[in-house]
Amino acid sequence: GQQLNQSPQSMFIQEGEDVSMNCTSSSIFNTWLWYKQDPGEGPVLLIALYKAGELTSNGRLTAQFGITRKDSFLNISASIPSDVGIYFCAGQPNTGANSKLTFGKGITLSVRP
Amino acid sequence: DAGVTQSPTHLIKTRGQHVTLRCSPISGHKSVSWYQQVLGQGPQFIFQYYEKEERGRGNFPDRFSARQFPNYSSELNVNALLLGDSALYLCASSRHGTGLTYEQYFGPGTRLTVT
């Protein structure tokens, strides 16, 4: 099935550093969401974006909805050890009854203390 | 408030058997969606249900079916299990599912292993 493009597959940063991730698609989405998943658990919603160009923050997290509606960015500032996990972007159409999410493959973030 | 709950947590089945997975949405949420997540991949959409009706179906064979009950809980059924059905099955709930954009919140998942 279709997936969004997330790269690189893994990122390694030092505690206290900032990190940026992006997500791209060949299709337009009207909603972008970012989730974090820890091993053996379900994805946890971090940020939801609803308008092209929108910039939204949630604590140390900031995400942006790309102007073209085909991409989104997530920034984590001043990373801490509990930021370790897999970060997924997801796009959602808003064109009728079907509101399924299309996910990227995820980026595994490691934080060195 | 309780989040999305799923049962069982883990399940081991043999090829050819069938399985039923259960999900209870967040209180007040009327839409339930099911996703399959294989190791190393993002979740893949299987079904969406809203007000007991199927509102969306992903690219999965007819061996996969689901239903939603009057209390908005849901079951996912998989028949004639294959080794490739081994995955984490996730349930997500949202307030509405018809042409509106509401965030989907996920449960912890059911880990299905087919041997």
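Just above sits the structure.
Residues numbered from 1 in each chain as written. Chains lettered and ligands numbered in written order. Predicted model: local features only at pLDDT ≥ 70, side-chain atom pairs only at ≥ 80, totals over all residues. Heavy atoms only, no water.

## Observations regarding the side chain of Gln 37 of chain A
How we decide: Secondary structure follows DSSP: runs of H or I at least 4 residues long count as helices, runs of E at least 2 residues long count as strands, and numbering of each begins at the N terminus. Residue exposure (1.4 Å probe, protein chains only): buried if accessible area is under 20% of the type maximum, exposed if over 50%, otherwise partly exposed. N or O atoms closer than or at 3.5 Å make up a polar contact, with two conditions inside protein: a donor-capable atom paired with an acceptor-capable one, and, for residues adjacent in sequence, both atoms drawn from side chains. Contact definition: two residues touch when any of their heavy atoms are within 4.5 Å.
Within the fold, Gln 37 of chain A resides in strand β4 (residues 31–37). The class of Gln 37 of chain A is buried, set by a relative accessible area of 5%. There is a polar contact of 2.7 Å between the side chain of Gln 37 of chain A and the backbone oxygen of Glu 41 of chain A. Sequence-distant contacts of Gln 37 of chain A, that is, excluding residues within four places in its chain, are made with Gly 42, Pro 43, Gly 85, Ile 86 and Phe 88 of chain A together with Gln 37 and Leu 88 of chain B.

## Considerations on the pattern of salt bridges
Heads up, the rule is: The salt bridge definition used is simple: a Lys or Arg side-chain nitrogen within 4 Å of an Asp or Glu carboxyl oxygen.
The full count for this structure, using the stated rule, is eight salt bridges over all chains. Between Asp 83 of chain A and Arg 60 of chain A there is a salt bridge, with the nearest N and O atoms lying 2.8 Å from each other. Of this pair, Asp 83 of chain A sits in the loop between β8 (71–76) and β9 (85–92) while Arg 60 of chain A sits in the loop between β6 (55–58) and β7 (61–65); the two residues are 23 residues apart in sequence, bridging distant segments of the chain. On the basis of relative accessibility, which here comes to 6%, the residue Asp 83 of chain A falls in the buried class. Here Arg 67 of chain B ties to Glu 75 of chain B by a salt bridge, and the two come within 3.3 Å at their closest N and O atoms. Via salt bridges that share partners, Arg 22, Arg 67 and Glu 75 of chain B belong to a single interconnected network.

## Looking at the state of the cysteines
Test applied: Any cysteine sulfur atom paired with another within 2.5 Å is treated as part of a disulfide.
Under the definition given, this model contains two disulfides over all chains. Covalently, Cys 23 of chain A is tied to Cys 89 of chain A through a disulfide, its sulfur atoms 1.9 Å apart. Across the disulfide from Cys 23 of chain A to Cys 89 of chain A, rotation about the S-S bond amounts to roughly 60°, and the bridge is consequently right-handed. On the criterion of sequence distance, the pair formed by Cys 23 of chain A in strand β3 (residues 19–24) and Cys 89 of chain A in strand β9 is long-range, its members being 66 residues apart. In terms of burial, Cys 23 of chain A and Cys 89 of chain A fall into one category: buried. Two residues, Cys 23 of chain B and Cys 91 of chain B, share a disulfide whose sulfurs are 1.8 Å apart. Judged by the sign of its S-S torsion, about -60°, the cystine formed by Cys 23 of chain B and Cys 91 of chain B is left-handed. Separated by 68 residues along the polypeptide, Cys 23 of chain B in strand β3 (residues 19–24) and Cys 91 of chain B in strand β9 (residues 87–94) bring together distant segments of the chain. The class of Cys 23 of chain B is buried, set by a relative accessible area of 2%.

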